[in-house]
Amino acid sequence: MKIFKIAFWILWRVWFYILMAIPILIMFPFLVVSILSEKGYPYFFKMARIWARFILFGMGFYYTVKREQKLIKGKSYMIVANHTSMTDIMLMLVLIKNPFVFVGKKELVKIPLFGFFYKRTCILVDRSSSKSKNEVFKRAQNRLNQGLSICIFPEGGVPDDESILLDEFKDGAFRLAIDHQIPIVPIVFPDNKERFSYTFMSGSPGKMGARILPFVETKGLTSDNRKELRDQVRNMIYNGLIDFQK
């Protein structure tokens, strides 16, 4: 029985990367055209949402979402969530219709095909470089000035210890939100670790729940409120995860 499980996990993980490639190959010319200028990003974003749905469906995932508040079309937000799986990217794209830009780790650039577009559409951060972090902040500001939203996983990466429910949050997302006086959208992903974690021999098809919590306003806040805001949002997501466990 264990041999069959191992074979399933290997084939299933390989299938995931095949699914990532298929829609990119089909839409390749249109994707390339959409990234020729920053003005084409909303069109790229629509195709990215199709790509995400294709992968989730192909992997046998289905999602349910509880929305405690809805995003307003044309408004910018700072979107944050707990981070436990690569499928967080796909589920986020499916849930949020407002065009947004991911801030993510540069290591994903190495994935064939996906990395090509990831490098040209997302804001990449090298967490070992303070210069890179400053550049990220400038690029994110530019995107917000264009009327887009930003999505950041404020844990700064997936914890190596999968027993950690929610790691400590970094300040960047909250600094940006305060500087631009935009609402923060906290989202809870309770099942993605179980469905498709970074541990190779793990996971299974099934439900992916999501909960969009009430937005946190930043109007009137200053940089002095950054840490308080960070801890408030982290507590909201942490309590949301605890509620799902119950």
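Below, the structure is looked at part by part. Just so you know, these numbers come straight off a predicted model, no measurement behind them.

**Brief notes about the overall build of the protein**
Okay, so step 1: For the protein, the helix and strand inventory stands at eight helices and seven strands.
Okay, so step 2: Computed over C-alpha atoms, the radius of gyration of the protein comes to 18 Å, within 12% of the 18 Å expected from 2.2 N^0.38 for 246 residues, which places it in the range of a compact globule.
Okay, so step 3: Taken along its principal axes, the extent of the C-alpha atoms in the protein is 60 × 45 × 35 Å.
Okay, so step 4: In the protein, which comprises 246 residues, the share counted as buried stands at 49%.
Okay, so step 5: Considering only contacts within the protein whose residues lie at least 6 apart along the sequence, 75% involve residues at least 24 apart.
Okay, so step 6: Total accessible area on the protein is roughly 12700 Å²; 59% of this is exposed by carbon and sulfur atoms.
Okay, so step 7: Distance from the positive charge centre (36 side chains) to the negative charge centre (21 side chains) of the protein: 8 Å.

**A look at the packing of helix 1 (residues 2–34) against helix 2 (residues 41–58)**
Okay, so step 1: Taken N-terminus to C-terminus, the directions of helix 1 and helix 2 make an angle of 160°; their axes are 9 Å apart at the nearest point. Viewed along their axes, helix 1 and helix 2 adopt a mutual orientation that is roughly antiparallel. The chirality of how helix 1 crosses helix 2 is right-handed. Residues W15, F16, L19, M20, I22, P23, I24, M27, F30, L31 and S34 of helix 1 touch helix 2, and the partners they reach there are Y41, Y43, F44, M47, W51, F54, I55 and G58.

**Comments concerning the pairing of strand 2 (residues 78–81)**
Okay, so step 1: Residue alternation in strand 2 divides its side chains into two sets, M78 and V80 and I79 and A81, and both sets are buried.
Okay, so step 2: Where strand 2 lies against strand 5 (residues 149–152), three bridges are found, and the strand directions are parallel. The partner of M78 across the bridge, within strand 5, is I150.
Okay, so step 3: In this sheet, strand 6 (residues 184–188) lies alongside strand 2 in parallel orientation, the contact comprising four bridges. Across the sheet, M78 pairs through a bridge with I184, a residue of strand 6.

**Let's talk about unusual backbone geometry**
Okay, so step 1: Despite not being glycine, L113 has its phi angle at roughly 65°, a positive value.
Okay, so step 2: The topology assignment puts L113 in the loop between strand 3 (100–105) and helix 4 (114–121).
Okay, so step 3: For L113, a relative accessible area of 28% gives the class partly exposed.
Okay, so step 4: Despite not being glycine, Q181 shows a phi value in the positive range, around 55°.
Okay, so step 5: As for its position among the elements, Q181 is in the loop between helix 6 (172–180) and strand 6.

**Looking at the side chain of R143**
Okay, so step 1: Assignment of secondary structure puts R143 in helix 5 (residues 130–145).
Okay, so step 2: For R143, the residues in contact, after removing those within four places along its chain, are E38, Y41, V101, T121, I123, L148 and I150.

Parameters at a glance
Residues numbered from 1 in each chain as written. Predicted model: local features only at pLDDT ≥ 70, side-chain atom pairs only at ≥ 80, totals over all residues. Heavy atoms only, no water. Helix = DSSP H or I, 4+ residues; strand = E, 2+ residues; numbered from the N terminus. Rg over C-alpha atoms; globule rule 2.2 N^0.38 Å. Buried < 20%, exposed > 50% of the residue type's maximum accessible area, 1.4 Å probe, protein only. Contact = heavy atoms within 4.5 Å. Areas by Shrake-Rupley, 256 points an atom, 1.4 Å probe, with all protein chains shown as cover. Lys, Arg positive; Asp, Glu negative; His and termini not counted. Charge placed at Lys NZ, Arg CZ, Asp CG, Glu CD. Axes fitted to C-alpha atoms, helices over the stretch in contact; angles between N-to-C directions. Parallel < 35°, antiparallel > 145°, perpendicular 65-115°, else oblique. Left-handed = near helix turned anticlockwise from the far one by under 90°. Pairing = 2+ DSSP bridges.

So, to be careful, I would describe these as geometric facts and stop short of saying anything about function.
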